[in-house]
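# Summary of the model geometry
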Amino acid sequence: MNKNKIIGIALIIAAVILSLFGFFVLPEDIVTQFNFSGETTKMNKIPALTVPFLITTVSSILTLGLDKDDERNKKYIFGAILGILLLIVMIGVNI
């Protein structure tokens, strides 16, 4: 198994763990946006957690299907890491 496949599987596992943690720990409505005056926009936690989870999962699955030397691997891994970072920021802001 090559390095990119291991990274892809690890990112999927991290997305599952963070999403489940957020589902059980976060309140029902979570803050998703701030504006310059300090007002917040809230969203139900299920769609708010689903979007970054899907970004990570789809990007990681696309990485699993490519050869290790394919140039697109870097883009897909970056997309998966971006989804993980979104989950981390969302959980950090709302705890």
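Scroll up a little and you will see the structure.
Report on the accompanying structure. Nothing here was measured: the structure is a model prediction, and the numbers come from that model.

### Some thoughts on the overall build of the protein chain
- Broken down by element type, the protein chain carries three helices and two strands.
- Ordering the α and β elements of the protein chain from the N terminus gives α-β-β-α-α.
- In terms of overall dimensions, the protein chain has a C-alpha envelope of 45 × 30 × 15 Å along the principal axes.
- The long-range fraction of contacts in the protein chain, counting pairs at least 24 apart against all pairs at least 6 apart in sequence, stands at 60%.
- Within the structure as shown, the protein chain displays about 6200 Å² of accessible surface, and the carbon and sulfur contribution to it stands at 70%.
- If the 8 positive side-chain charges of the protein chain are averaged to one point and the 7 negative ones to another, these points end up 7 Å apart.

### Here we look at a nonpolar patch on the surface
- Among the surface-exposed residues, Val16, Leu20, Phe21, Phe23, Phe24, Val25, Ile46 and Ile95 lie close enough to one another that they form a single nonpolar patch of about 780 Å² accessible area.
- With six residues, the single largest contributor to the nonpolar patch is helix H1 (residues 3–25).
- With a relative accessible area of 44%, Val25 lands in the partly exposed category.

### Topic: the packing of H1 against helix H3 (residues 72–94)
- It is the contact of H1 with H3, at a shortest axis distance of 10 Å, that shows an interaxial angle of 20°. Taken together, the axes of H1 and H3 are roughly parallel relative to one another. Crossing of H1 against H3: the hand is left-handed. Here H1 contributes Asn4, Ile7, Leu11, Ala14, Ala15, Leu18, Ser19, Phe21 and Gly22 to the contact with H3, which in turn contributes Asn73, Ile77, Ala80, Ile81, Ile84, Leu87, Ile88 and Ile91.
- Among the residues making up the contact of H1 with H3, the classes are represented as 13 nonpolar, four polar and no charged.

### Side note on the packing of helix H2 (residues 45–64) against H3
- At a minimum axis distance of 8 Å, the contact between H2 and H3 shows a crossing angle of 160°. Here H3 runs roughly antiparallel to H2, going by the angle between their axes. The hand of the H2/H3 crossing is left-handed. Of H3, the residues touching H2 (which contributes Ala48, Leu49, Pro52, Phe53, Ile55, Thr56, Ser59, Ser60, Leu62 and Thr63) are Asn73, Tyr76, Ile77, Gly79, Ala80, Gly83, Ile84, Leu86, Leu87 and Met90.

### Focus on H2
- With 20 residues, H2 should cover 28 Å at 1.5 Å per step; its first-to-last C-alpha distance of 29 Å lies within 8% of that length.
- If you check which residues of H2 are buried, you get Lys45, Ala48, Leu49, Pro52, Thr56, Thr57, Ser59, Ser60 and Thr63.
- Contacts from the buried residues of H2 go to H1, strand E1 (29–34), strand E2 (40–44) and H3.

Calculation notes
- Residues numbered from 1 in each chain as written.
- Predicted model: local features only at pLDDT ≥ 70, side-chain atom pairs only at ≥ 80, totals over all residues.
- Heavy atoms only, no water.
- Helix = DSSP H or I, 4+ residues; strand = E, 2+ residues; numbered from the N terminus.
- Contact = heavy atoms within 4.5 Å.
- Areas by Shrake-Rupley, 256 points an atom, 1.4 Å probe, with all protein chains shown as cover.
- Lys, Arg positive; Asp, Glu negative; His and termini not counted.
- Charge placed at Lys NZ, Arg CZ, Asp CG, Glu CD.
- Patch = residues over 30% accessible without salt bridge, like charges linked within 9 Å, V, L, I, M, F, W, Y side chains within 5 Å.
- Salt bridge = Lys/Arg side-chain N within 4 Å of Asp/Glu carboxyl O.
- Buried < 20%, exposed > 50% of the residue type's maximum accessible area, 1.4 Å probe, protein only.
- Axes fitted to C-alpha atoms, helices over the stretch in contact; angles between N-to-C directions.
- Parallel < 35°, antiparallel > 145°, perpendicular 65-115°, else oblique.
- Left-handed = near helix turned anticlockwise from the far one by under 90°.
- Nonpolar A, V, L, I, M, F, W, Y, C, P; charged D, E, K, R; others polar.
- Expected span 1.5 Å × (residues − 1).

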